[in-house]
Amino acid sequence: IIKCIGLHIEETFSKGLRMSKVNSIMLVDDSKATNFFNKTIIGKLNICDSIEVCEDGKEALQFIKENGTPDLIFLDINMPLMNGWEFMDELLRQKEQGYNIVLMIGTELSEAHKEDLKKYPFIKGQSPKMLTTHFVCELVQELFELSTCK
């Protein structure tokens, strides 16, 4: 296995370079039950080396400051202390690049919030709060061309 640009890749001579895993996925949600469920789904897929869990935006920002940017962040919108909107606003202020964020939406977004999404270039999609293996596999295959997700 070769480490390249923060992602693990598997070298295969017949097909060129293909990724086998991403380094890390972060779940940012204040619901312990949702985090447990989603961590279990992602863990069963064996698509990343680590799954980090933060219960609000402040905790997630602190983790990123201390450990670097995860490859993929699943972000809840409604949380105490710092919600998903405030978290993304802080990322914009820091002018950091390379974030891949998927919003976990429990309810339909208002038209105003749908319009707000346009200012966040790092949003790669939306998902239900409870992830499915099918959704996660399709997402990581699209974002990272992951070869091992089935």
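Further up the page is the structure itself.
Here the structure is a predicted model, which is why all the values come from computation and not from measurement.

A. Highlighting helix α2 (residues 57-67). Here α2 has its buried residues at Gly57, Ala60, Leu61 and Ile64. The arc enclosing the buried residues of α2, seen along the axis, measures out at 100°, which places them on a common side. Set apart from the buried face of α2 by more than 90 degrees, the exposed residues are Glu66 and Asn67. N-cap assignment for α2: the residue whose side-chain oxygen lies 2.9 Å from the backbone N of lysine 58 is aspartate 56.

B. Broad picture of unusual backbone geometry. Here asparagine 46, not a glycine, exhibits a phi torsion of approximately 55°, which is positive. Structurally, the position occupied by asparagine 46 is in the loop between α1 (32-45) and β4 (48-54). Within the chain, leucine 81 stands out as a residue other than glycine whose phi angle is a positive 65°. By the secondary structure assignment, leucine 81 is in the loop between β5 (72-76) and α3 (84-94). The exposure class assigned to leucine 81 is exposed, which follows from its relative accessible area of 68%.

Rules used in this analysis
- Residues numbered from 1 in each chain as written.
- Predicted model: local features only at pLDDT ≥ 70, side-chain atom pairs only at ≥ 80, totals over all residues.
- Heavy atoms only, no water.
- Buried < 20%, exposed > 50% of the residue type's maximum accessible area, 1.4 Å probe, protein only.
- Helix = DSSP H or I, 4+ residues; strand = E, 2+ residues; numbered from the N terminus.
- Arc of directions from axis to C-beta.
- Polar contact = N/O pair within 3.5 Å; in protein donor to acceptor, adjacent residues only side chain to side chain.

From the geometry alone we can't say anything about function, so treat these as descriptive.
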